[in-house]
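Given next are the chains, with one letter for each unit.
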Amino acid sequence: MRGCSGGVRWDAARRAALRGLEIDETAEVLYRDWMNIEWGGGNTAGVRKAIARLQQVARTYDISLEPVTEQLIDLVLADRASPAPK
């Protein structure tokens, strides 16, 4: 999706991930998708929003995050160059 003019694909991908989270707010894979979408689009505020929401849901439902999610959070917060594989 990189290099798309106007960010139209990033917006569509973001909407899809957020729609999925409306249906299942505990779907950790969708939070990873959302983080990768925001990170890939260069939206630091969006990355932080996705992480904050995931952490809130994890606390609410007493859910432990998967190692791959923890690694992605560490990676995006370190602001590396490109999104990690899902």
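Here, residues in each chain are numbered from 1, in the same order as that chain's written sequence. Per-residue local features are limited, in this predicted model, to residues with pLDDT of at least 70; the limit for side-chain atom pairs, both in listing and counting, is 80 or more; totals at the level of whole chains, interfaces and linings are taken over all residues. Derived side-chain values reflect all non-hydrogen atoms in the structure, with water molecules and hydrogen atoms excluded from consideration.

Enquirer: Give a detailed account of unusual backbone geometry, specifying residues and quantitative values.
Expert: The residue D62 is not glycine, and still its phi comes out positive at about 50°. Each helix corresponds to a stretch of at least 4 residues labelled H or I by DSSP, and each strand to a stretch of at least 2 residues labelled E; elements are numbered beginning at the N terminus. Relative to the helices and strands, D62 resides in the loop between α3 (44–60) and α4 (67–77). Partly exposed describes any residue whose relative accessible area lies between the buried limit of under 20% and the exposed limit of over 50%, with all areas from a 1.4 Å probe on protein chains only and scaled to the type maximum. We classify D62 as exposed; its relative accessible area is 71%.

Enquirer: How would you explain empty space enclosed by the protein if you had to name every residue and give the values?
Expert: By rolling a water-sized probe across the atoms, one finds the places where empty space is left. Any residue with an atom within 4 Å of a point lines the site, the site being either a cavity, points on a 1 Å grid over the protein atoms alone where a 1.4 Å probe fits but cannot get out, or a pocket, an open set with protein on both sides within 12 Å along at least 5 of 7 lines. Grid points are joined across faces, edges and corners, and a volume is the space filled by probe spheres set on the points. The full count for this structure, using the stated rule, is 1 cavity of 30 Å³ or more. Considering only enclosed or pocket space, the largest cavity measures out at about 30 Å³ in volume. Taken together, T26, E28, L54, V57, A58, I63 and L65 form the lining of the largest cavity. Here the lining of the largest cavity takes 3 residues from α3, the largest share from any one element. Of the residues belonging to the lining of the largest cavity, the class tally is 5 nonpolar, 1 polar and 1 charged. Each residue gets one label: Ala, Val, Leu, Ile, Met, Phe, Trp, Tyr, Cys and Pro are nonpolar, Asp, Glu, Lys and Arg are charged, and the others, such as Gly, are polar.

Enquirer: Describe the pattern of salt bridges, listing the residues and the values that go with them.
Expert: Note on definitions: salt bridges are taken to be side-chain nitrogens of Lys or Arg within 4 Å of carboxyl oxygens of Asp or Glu. Enumeration over the complete set of coordinates arrives at 5 salt bridges. With its nearest N and O atoms 2.6 Å apart, the salt bridge here joins R14 to E38. Pair noted here: R14 is in helix α1 (residues 8–23) and E38 is in helix α2 (residues 28–40), with a separation of 24 residues, a long-range link. Assessed through its relative accessible area of 2%, E38 is described here as buried. A salt bridge links E66 to R32; the shortest N-O distance between them is 3.1 Å. One end of the pair, E66, is in the loop between α3 and α4; the other, R32, is in helix α2, and 34 residues separate them in sequence.

Enquirer: Now, about the side chain of T69: what can you tell me, with residues and values included?
Expert: Mapped onto the elements, T69 comes out in helix α4. What qualifies as a polar contact is a pair of N or O atoms within 3.5 Å, subject to a donor-acceptor requirement within protein and to the restriction that residues adjacent in sequence count only when both atoms come from side chains. Reaching out from T69, the side chain makes a polar contact with the side chain of R32 at a distance of 2.8 Å. Setting aside chain neighbours within four positions, we find T69 in contact with E28, R32, M35 and L54. Contact definition: two residues touch when any of their heavy atoms are within 4.5 Å.

Enquirer: Explain α1 residue by residue, including any values.
Expert: Along an α-helix, residues three or four apart share an orientation, since each turn contains 3.6 residues. Taking 1.5 Å per residue as the helical rise, α1 with its 16 residues ought to reach 22 Å, and the 23 Å between its terminal C-alpha atoms agrees with that figure. The set of residues buried in α1 consists of W10, A13, R14, A17, G20 and L21. Mapping the buried residues of α1 onto a view down its axis gives an arc of 125°, with all of them on the same face. Of the exposed residues in α1, the ones pointing more than 90 degrees away from its buried face are V8, R15, A16, E22 and I23. If you follow the buried residues of α1, they end up packed against α2 and α3. Here the expected span of a helix is defined as 1.5 Å times the quantity of residues minus one. The arc refers to the directions leading from the helix axis to the C-beta atoms.

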